[in-house]
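Structural features, examined
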Amino acid sequence: LEAYLDRRHATWREDMARAEASPGAGGIMTRDEALEILGLKRGASDDEIRKAHRDLMKRMHPDAGGSDYLASKINEAKDVLLGK
């Protein structure tokens, strides 16, 4: 999992440390942050967003060895991009 995160999001360790040090300080996720989390580019279709979410959740879900924090961020990214 750590190797995957190192490849996909090189600063994930710092991001998690910052989030844990000041819960709630991150504010509302932006569209750009959501796109980055899901590994998408601007203009991604709803189907591409759902596929990226599904693929990440398969690997990052707490039941698959991920964490609640990562799963919540992935879910939040999908919701931001789909306007939920």
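Above this text you will find the structure in question.
To keep things clear, this report deals only with the structure shown in the data block. Note that the coordinates shown come from a computational prediction; the quantities given were computed from them, not determined experimentally.

Regarding its fold elements, the protein chain presents five helices and zero strands. Secondary structure elements in the protein chain, listed N-terminal to C-terminal, are α-α-α-α-α. Taken over C-alpha atoms, the radius of gyration comes to 12 Å for the protein chain, in line with the 12 Å a tight globule of 84 residues would show. Considered along the principal axes of its C-alpha atoms, the protein chain spans approximately 35 × 25 × 20 Å. With 84 residues in all, the protein chain has 26% of them scored as buried. As displayed, the protein chain has an accessible area near 5,700 Å², and 50% of this comes from carbon and sulfur atoms. Here the protein chain carries 15 positive and 16 negative side-chain charges, and the mean point of each set is 5 Å from the other.

Another aspect to go through is the packing of helix α3 (residues 31–38) against helix α5 (residues 68–82). With their axes 9 Å apart at the nearest point, α3 and α5 run at an angle of 125° to one another. In terms of their interaxial angle, α3 and α5 are classed as oblique. Read as a crossing pair, α3 and α5 show a hand that is left-handed. Contacts from Arg-31, Ala-34, Leu-35, Ile-37 and Leu-38 of α3 reach α5 at Lys-73, Ile-74, Ala-77, Lys-78, Val-80 and Leu-81.

With respect to the helices and strands, the residue Lys-78 is situated in helix α5. Buried and unpaired, Lys-78 has Asp-79 as its nearest opposite-charge partner, separated by 4.3 Å. The contact partners of Lys-78, leaving out residues within four places of it in the chain, are Leu-38, Ile-49 and His-53.

Conventions used here
- Residues numbered from 1 in each chain as written.
- Predicted model: local features only at pLDDT ≥ 70, side-chain atom pairs only at ≥ 80, totals over all residues.
- Heavy atoms only, no water.
- Helix = DSSP H or I, 4+ residues; strand = E, 2+ residues; numbered from the N terminus.
- Rg over C-alpha atoms; globule rule 2.2 N^0.38 Å.
- Buried < 20%, exposed > 50% of the residue type's maximum accessible area, 1.4 Å probe, protein only.
- Areas by Shrake-Rupley, 256 points an atom, 1.4 Å probe, with all protein chains shown as cover.
- Lys, Arg positive; Asp, Glu negative; His and termini not counted.
- Charge placed at Lys NZ, Arg CZ, Asp CG, Glu CD.
- Axes fitted to C-alpha atoms, helices over the stretch in contact; angles between N-to-C directions.
- Parallel < 35°, antiparallel > 145°, perpendicular 65-115°, else oblique.
- Left-handed = near helix turned anticlockwise from the far one by under 90°.
- Contact = heavy atoms within 4.5 Å.
- Salt bridge = Lys/Arg side-chain N within 4 Å of Asp/Glu carboxyl O.

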